[in-house]
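Chains, contacts and geometry: an overview
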Amino acid sequence: MQRHSLTLLGLESSCDDTAAAVVRVGPDGAEVLSSIVEGQMDLHRDFGGVVPEIAARAHAEKLDICVRAALDEAALGLGDLDGVAVTAGPGLIGGVLSGVMCAKGIAAGAGLPLIGVNHLAGHALTPRLTDNAAFPYLMLLVSGGHCQFLLVRGAQEFTRLGGTIDDAPGEAFDKTARLLGLPQPGGPSVEAAAKSGNPKAHRFPRPLLDREGCDMSFSGLKTAILRARDARVAEAGGLTAQDQADFAASFQAAIAEVLTEKTRRALALYQGEAPDTPLLAVAGGVAANGTIRAALEALCLERGVTFSAPPLRLCTDNAAMIAYAGAALMAEGVRHDMTLAARPRWPLDQNSAAMLGSGKKGAKA
Ligand code: KG4
Ligand code: ZN
């Protein structure tokens, strides 16, 4: 990327994880020197979703502790850094503000350059951090707050090929778990229950498959599950473990089929301009799902595309991706100052239509 190495501190606080990391980017690639992630799951558990005010206060309390831990783990001081990168959006505004204020304080106090990073760019550039992936590549971002296909052409060049028009898949997993009486977060518990279930027991809808393009919709799926569950409860007086497993497996099959089919279409759009070794990368918590991963891997094999899934700790929200994206921007001459604003909404692709709605975990962008 550049002749000399850049060492950046990154901060992330846009949702319910407070994170700080130190990443060094040199001519031969990038190295994560430390990555601290403090989750807030316990603070929000009783409320059925992330409470923005609680999240913001927890970030404000935890950020400096995470920064100290990240510097200690990297065995570096502020004087060893070349800059401070921070998520400046999109996300829950109180949390983003906490991070931006903390980063401004560090940058001003230590005389370091400040770089505001789009959270989605952090996810989208992760295949560069982990695999030095060549541009352009296709990214499928699937988490509790995001769901979109991005064509990544450069550190500041993204084209959104499509995405959810309502819920993100992670939200659908979480809501389905709630409907079935399974624990939160719903993704892992639905996946575990699905292992002993029949994916053909129920035929749930495959929303928007009949419509052209890469847009997706997942909110109708939960209504279908609600109805089927209520019918089963009315008929049998409750759900057995086998019922839960069958619902979970049938739901997971529907999500996997929609994601795979839409990925097939996104790949067709991408392959027109793909390099010799085309690459599909996934990011976000839902990318941890074995059934979804296997379906996407099989599709890539069929289409001659390399499949890249970063290790889970870099797939889910973290600050290493923010530090890395900050270094990539810095190498391209980007610098911000004390006027850097926190942005609740900040679409990566300024030219694509704005997404409406906001999920349990904040703006979908
Ligand atoms: O990326 P992430 O940690 O946070 C954000 O949403 O930004 O993603 C969390 C989401 C949750 O909705 C969780 O239920 C889902 O990812 N998830 C999964 C799995 N593990 C986590 N969904 C399906 N299968 C999984 N194994
Ligand atoms: Zn995220």
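What counts and what doesn't
- Each chain carries its own residue numbering, running from 1 in the direction its sequence is written.
- As they are written, the chains are lettered A onward and the ligands numbered 1 onward, keeping that order.
- In keeping with the model being predicted, local features are shown solely for residues with a pLDDT of at least 70 and side-chain atom pairs are shown and tallied solely at 80 or more, while totals for entire chains, interfaces and linings include all residues.
- Values shown for side chains rest on all heavy atoms present in the structure; no hydrogens or waters enter the calculation.
- For Na, K and Ca the donor cutoff is 3.2 Å, while for all other metals N, O and S atoms must lie within 2.8 Å; water is not among the atoms, so some sites may look incomplete.
- Numbering of helices and strands runs from the N terminus, with a helix taken as a DSSP run of H or I at least four residues long and a strand as a DSSP run of E at least two residues long.
- We call a residue buried when its accessible area falls under 20% of the maximum for its residue type, exposed when it is over 50%, and partly exposed in between, using a 1.4 Å probe and counting protein chains only.
- Here a strand pair is declared whenever DSSP counts at least two bridges between the two strands.
- Interaxial angles span 0 to 180 degrees and are taken between N-to-C directions of axes, which are lines fitted to C-alpha atoms, for helices over the stretch in contact.
- Residue contacts follow a heavy-atom distance rule, with two residues in contact if any of their heavy atoms lie within 4.5 Å.
- Only rings of Phe, Tyr and Trp enter the pairing, Trp through its six-membered ring, and a pair is recorded when the two centres are within 6.5 Å. The plane angle decides the type: under 30 degrees is stacked, over 60 is edge-to-face, the rest tilted.
- When the near helix sits turned anticlockwise from the far one by under a right angle, the crossing is termed left-handed; a clockwise turn instead gives a right-handed crossing.
- Note on residue categories: nonpolar means Ala, Val, Leu, Ile, Met, Phe, Trp, Tyr, Cys or Pro, charged means Asp, Glu, Lys or Arg, and polar means any other residue, Gly included.
- Domain borders in the structure are assigned automatically or taken from a domain database.
- Two parts placed together each lose some accessible area under a 1.4 Å probe, and the buried area is that loss summed for both.
- Every case where a carboxyl oxygen of Asp or Glu lies within 4 Å of a side-chain nitrogen of Lys or Arg is listed as a salt bridge.
- Here a polar contact is taken to be a pair of N or O atoms separated by no more than 3.5 Å, where protein atoms must pair a possible hydrogen donor with a possible acceptor and residues adjacent in sequence count only if both atoms sit in side chains.
- Known as pLDDT, the predictor's per-residue confidence is scaled from 0 to 100.

To continue, consider the coordination of the zinc ion (ligand 2). Only His119 (NE2), His123 (NE2) and Asp317 (OD) from the protein coordinate the zinc ion (ligand 2), and they sit 2.1 to 2.2 Å from it. For the zinc ion (ligand 2), the donor residues sit on a single chain with the sequence spacing H-x3-H-x193-D. Residue His119 is found in helix α4 (residues 119–124), and its partner Asp317 is found in the loop between α11 (312–315) and α12 (320–331); the two are separated by 198 residues along the sequence. Neither residue differs from the other here; His119 and Asp317 are each classed as buried.

Strand order in the open sheet formed by five strands is β8-β7-β6-β9-β10, and the pairing between neighbours is mixed. Of all strands in the sheet, those bounded by a partner on one side alone are β8 (157–163) and β10 (306–308). Taking the axes of each pair of neighbouring strands and ignoring which way they run, one obtains an average angle of 25° across the sheet. With six bridges connecting them, strand β7 (residues 147–154) and β8 associate as antiparallel partners. By the bridge assignment for β8, Leu150 is matched with Arg160. Contacting β6 (137–142), β7, β8 and β9 (279–283), helix α9 (residues 241–271) crosses the sheet at an angle of about 155° to β6. Each of β6, β9 and β10 touches helix α10 (residues 290–303); the most contacted strand, β10, lies at about 155° to it.

Below, the discussion takes up the packing of aromatic side chains. For the coordinates displayed, the defined rule picks out three aromatic pairs. Ring plane angle 10° and centroid distance 5.9 Å describe the contact between Phe135 and Tyr137, whose orientation is recorded as stacked. On the basis of relative accessibility, which here comes to 28%, the residue Phe135 falls in the partly exposed class. Note on Tyr137: relative accessible area 0%, which makes it buried. Ring centres of Phe173 and Phe251 lie 4.9 Å apart, and the angle between their planes is 85°; on these two criteria the pair is classed as edge-to-face. Taken together, the residues span a long stretch of sequence, with Phe173 in helix α6 (residues 169–180) and Phe251 in helix α9 at a distance of 78 residues.

Attention now moves to the packing of α6 against helix α7 (residues 186–194). Where α6 meets α7, the axes come as close as 8 Å, and the angle between the chain directions of the two elements is 65°. Handedness of the crossing formed by α6 with α7: left-handed. Touching Phe173, Asp174, Thr176 and Ala177 of α6 are Gly186, Gly187, Ser189 and Val190, all from α7. Residues belonging to the contact of α6 with α7 are distributed by class as follows: three nonpolar, four polar and one charged.

A word on the domain arrangement of the protein. Domain parsing of the protein yields domain 1 (6–134 + 312–347) and domain 2 (139–308). A C-alpha centroid distance of 27 Å is found between domain 1 and domain 2. Taken together, the contact pairs 19 residues of domain 1 with 22 residues of domain 2. Between domain 1 and domain 2 lies a buried interface of about 1,500 Å² when both sides are counted; carbon and sulfur atoms form 70% of it. Scanning the region where domain 1 abuts domain 2 turns up zero salt bridges. For the pair domain 1 and domain 2, the number of links is four residue pairs in polar contact (both at pLDDT 80 or more). Elements with a contribution of two residues or more to the side of domain 1 that touches domain 2: α4, α5 (126–131), α11 and α12. By residue number, the principal contributor to the side of domain 1 that touches domain 2 is α4, which donates five residues. Residues that form the side of domain 1 that touches domain 2 fall into these classes: 12 nonpolar, four polar and three charged.

On to the confidence of the model for the protein, then. On average, residues of the protein score 92 in pLDDT, and 95% of them are at 70 or above. Note on residues 356–360: pLDDT is under 50 here. Beyond four places in sequence and across chains, it has 12 contacts.

This next bit is on the sheet that holds strand β3 (residues 29–39). With respect to topology, five strands assemble into an open sheet ordered β3-β2-β1-β4-β5, the strand pairing being mixed. Two strands in the sheet have a free side with no partner beyond their single neighbour: β3 and β5 (114–118). Across the sheet, the mean angle from the axis of one strand to that of its neighbour is 20°, orientation sign disregarded. Pairing of strand β1 (residues 6–12) with strand β4 (residues 83–89) involves four bridges; the strand directions are parallel. Within β4, the position partnered with Gly10 by the bridge is Ala85. Across the face of the sheet, helix α2 (residues 52–74) comes into contact with β1, β2 (17–26) and β3 while running at roughly 35° to β2. Contacts from helix α3 (residues 93–110) reach β1, β4 and β5 within the one sheet, and its direction differs from that of β4 by about 160°.

Summed over all chains, the structure comprises 12 salt bridges. The residue Asp72 makes a salt bridge to Arg68 at a minimum N-O spacing of 3.2 Å. With Asp72 and Arg68 both in helix α2 and four residues apart, this pair spans about one turn of that helix. Of the residues examined, Asp72 reaches a relative accessible area of 46% and is grouped as partly exposed. For the salt bridge of Glu302 with Arg264, the shortest nitrogen-to-oxygen distance reads 2.8 Å.

The topology assignment puts Gln252 in helix α9. Under the relative-accessibility criterion, Gln252 is labelled buried at 5%. The residues touching Gln252, leaving out its near neighbours within four places in the chain, are Phe173, Val190, Glu191, Ala194, Asn289 and Thr291.

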